Structure formats: structure tokens, C-alpha cells
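Secondary and tertiary structure notes
One letter stands for each residue in the lines below.
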Amino acid sequence: MVQGSRFTVTLKVTSFLGLFDAKSVTVTKLGVPAPVLSIQGENPRFATHSGTLQLMATASLPEMSCVGMDLSNAKMGFTWHETTGHFGGPLAQTSKNPRILVLLPGTLQVGLAYDFRVVGQMTDTPWLNNSASVTVLVESQPVEARISGGAYRQIGRDLDFDLDGSSSYDPDDDPVQFSFFWSCKVASSDADCSGLISFANFSRPTLKVPSATLPVGYYLFSLFAAKGPRNDTALATVEITAGAPPVINIASLTSAKYNPSSYVYISATVTSGLSFST
């Protein structure tokens, strides 16, 4: 087949009722082989709203005797596109390497499918080009119920205290509000949760417990946090002691996962109904 020759390929599909449809594509024979492009990884690719998406294009020229050294050593340029129209963010200069497309957390919306296409062309002869595509499916993630202050705390019976679940986290950033439900179970023979029933609002993110409400003992508090069908449960053990000892609260961690080489910073606060100094 000589350079510049054209041919058309047609695909015709016919049903058993005799209905049919056809699509055609016209191919032009180039004088030199076009670059070969692919996008590394699986297709389709799965991603999340809170994660970073990185797509990397691989390009090469076919090894053929008819390709001169000047073409084999030629430079290529790359342009990224999103063809469904769902994506409105930047696609150029997202990384130092134009072959790599990097989309930051919060960029992709849950439940949508995106089609990313990269076009690679010879810098000196842009008409000599090729493309590759990948479909990216954005999956939903579980919510995380969180109780500030740590999984265990010691509270004096003469002190008010709060159990705060407002730091519960949705990695999908769904605008739907969390729904909450608190429950209390005794964890020792001298404990009694019945004092909470008369006044506590168990459906708020923060459960407020006035002083002298619970007898001395161990209690297991459970927070159920939900957004639609996604839900999670967090637990906290509270020991009620006599008197009014200082209260130590440990802040929730900022992430559920850390790299082995990273530092994990944990902070705590100490409060007391009595005057004290450190």
C-alpha cells in the first residue's frame, strides 16, 4: 500500500428482525509509521473522590527499517483531553512531565465515568500523531464515624462531659448531612445507663452528659453515623470515677492511614474544674 492511499472499513450489524446499522472509518496510509501510544494500567481504571489520580502515557515509534534516525530521535508533544464533558478542571501542566496527568483529591465526582484521552504528536510534524484512551470510574467510599477524645477516657462523677462525634468524616464530600445515633451500654456491674434516657438527645452529633447522671462504673458508648446507605460505628469506653479528677482529651487523628516513614502527631488537652498549674 503506497503513501497517501485511502481505504474505508465498514462494520454492519443486523438483528434477527432485519434491522441494521453501520459505521465506517476511513484510513489514510502515512508515509512513515505513526507513534504508538498507550496509557499504563488497567482499563477501566477505578478512582475515588479523595484520592489523587495519576495517568501516564507511554509512547514509542515502531522499529522499522524504513524509519530514518532523524525521525526515531524526534521529540514528541502530548495533550490530554476529557471527552465526556464531566470534567472542567485543568488538563495541561498538571505535572512536570507532559506524559503524566495528575488530578488532585476532590477533583472527580462520585458515580461519574470519565474518558481521558492523550494525543501524542511529533513536535516537528504534528500531523504525525496517535492517541490512547482510558475510562475512569469514580467509586463511593465508606464514611468514618469518629468520637473525639480517644477510645477511653476517665471522667469524675461531679463533672459534666461531652461525647463529640462532629469530626465524623465523609471522604466523598457528599453534601447530604450526617445522621447520628448514640447508645450506651454498661461495661461493669455497678454501671447504669438509665439516667440518660430522661434528658439526652441521642440523635445529635454531640452527646452531653451532666454531672451526677451516671453512677461510678464503666460504660461503652457507641456512635452510629450515616449518610444514606453508607454508615459506620465508633466506640468509646468511659470510666466514671468519684469526685472531679482532671479530664484529658486526645484529639482525633487527621487521617486513617499513614506512611511508615511519616510522623504521626497526637495532641491532648487537660481540663479541670479546680485551679491547677503545670
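Scroll up for the structure.
Residues numbered from 1 in each chain as written. Predicted model: local features only at pLDDT ≥ 70, side-chain atom pairs only at ≥ 80, totals over all residues. Heavy atoms only, no water.

1. Here's the deal with the pattern of salt bridges
Counting across every chain of the model gives 6 salt bridges. Its salt-bridge partner being Arg 146, residue Glu 144 comes within 3.0 Å of it at the nearest N-O pair. For Glu 144, a relative accessible area of 23% puts it in the partly exposed group. For Arg 146, a relative accessible area of 17% puts it in the buried group. The residue Asp 170 makes a salt bridge to Arg 230 at a minimum N-O spacing of 2.8 Å. With a gap of 60 residues between them, Asp 170 in the loop between strand S11 (161-164) and strand S12 (179-186) and Arg 230 in strand S15 (residues 230-241) connect regions that are remote in the sequence. Where salt bridges share partners, they join Asp 170, Asp 172, Asp 174, Lys 227 and Arg 230 into one cluster. (Salt bridge = Lys/Arg side-chain N within 4 Å of Asp/Glu carboxyl O. Buried < 20%, exposed > 50% of the residue type's maximum accessible area, 1.4 Å probe, protein only. Helix = DSSP H or I, 4+ residues; strand = E, 2+ residues; numbered from the N terminus.)

2. What to know about the sheet that holds S15
Across a sheet, strands are paired by hydrogen bonds formed along the backbone, either parallel or antiparallel in direction. If you walk across this open sheet you meet the 4 strands as S10-S15-S14-S12, and the pairing is mixed. With one partner strand each, in any of the chains shown, strand S10 (152-156) and S12 form the two edges of the open sheet. Across this sheet, the average inter-strand angle for adjacent strands is 25°, counted without regard to direction. Looking at chain direction, S12 and strand S14 (residues 217-227) are connected through 8 bridges and run antiparallel. Pairing of Lys 185 across the sheet is with Leu 220, part of S14. (Pairing = 2+ DSSP bridges. Axes fitted to C-alpha atoms, helices over the stretch in contact; angles between N-to-C directions.)

3. Section: a nonpolar patch on the surface
The grouping of Ile 248, Ile 250, Leu 253, Tyr 258, Val 264, Ile 266 and Val 270 at the surface amounts to a nonpolar patch, some 590 Å² of accessible area in total. Considering the arrangement of structural elements, one finds Ile 248 in strand S16 (residues 247-250). (Patch = residues over 30% accessible without salt bridge, like charges linked within 9 Å, V, L, I, M, F, W, Y side chains within 5 Å. Areas by Shrake-Rupley, 256 points an atom, 1.4 Å probe, with all protein chains shown as cover.)

4. Side note on the packing of aromatic side chains
Applying the stated criterion across every chain yields a total of 7 aromatic pairs. Their ring planes at 80° and their centres at 6.4 Å tell us that Phe 87 and Tyr 114 sit as a pair that is edge-to-face. One end of the pair, Phe 87, is in the loop between strand S6 (76-82) and strand S7 (100-103); the other, Tyr 114, is in strand S8 (residues 113-122), and 27 residues separate them in sequence. Across the pair, Tyr 114 and Phe 87 agree in class, each one buried. Taking the ring centre of Phe 20 as reference, the NZ or CZ of Lys 12 above it sits at 4.4 Å. (Phe/Tyr/Trp six-rings, centres within 6.5 Å; stacked < 30°, edge-to-face > 60°. Lys NZ or Arg CZ within 6 Å of the ring centre and 35° of its normal.)

5. Thoughts on the nonpolar core
Soluble, globular proteins show a tendency: their nonpolar side chains are buried together. Phe 161, Leu 196, Leu 207, Leu 214, Tyr 219 and Phe 221 are the most contacted members of the largest nonpolar core, which totals 28 residues. Apart from the residues within four sequence positions on either side, Leu 196 is in contact with Cys 184, Phe 202, Val 209, Thr 213, Leu 214 and Phe 221. Within the second largest apolar cluster, 25 residues are counted, among which are Leu 37, Trp 80, Tyr 114 and Val 118. (Core = buried A, V, L, I, M, F, W, Y, C linked by side-chain atoms within 4.5 Å. Contact = heavy atoms within 4.5 Å.)

6. Here we look at the sheet that holds strand S9 (residues 129-139)
The strand order across the open sheet formed by 4 strands is S4-S9-S8-S6, and the pairing between neighbours is mixed. Each of the sheet's edge strands pairs with one partner strand only, and the pair in question is strand S4 (45-48) and S6. For this sheet, the mean inter-axis angle between neighbouring strands, taken without regard to orientation, is 30°. With 4 bridges joining them, S4 and S9 adopt parallel strand pairing. Note on S9: the bridge partner recorded for Phe 46 is Leu 137.

7. Focus: the environment of Met 76
Mapping Met 76 onto the fold places it in strand S6. Placed 22 residues apart in sequence, Met 76 and Pro 98 show a C-alpha to C-alpha distance of 9.9 Å. In this structure Met 76 touches Pro 35, Leu 37, Ala 59, Gly 120, Gln 121, Met 122 and Thr 123, once residues within four positions along its chain are discounted.

8. Comments concerning the environment of Asn 43
The topology assignment puts Asn 43 in the loop between strand S3 (36-39) and S4. Taking the C-alpha atoms as reference points, Asn 43 and Val 134, 91 residues apart in sequence, are found 5.6 Å from one another. Each residue touching Asn 43, except ones within four places of it in the same chain, is listed here: Ser 133, Val 134 and Thr 135. A polar contact of 3.0 Å, which involves the side chain of Asn 43, links it to the backbone nitrogen of Thr 135. (Polar contact = N/O pair within 3.5 Å; in protein donor to acceptor, adjacent residues only side chain to side chain.)

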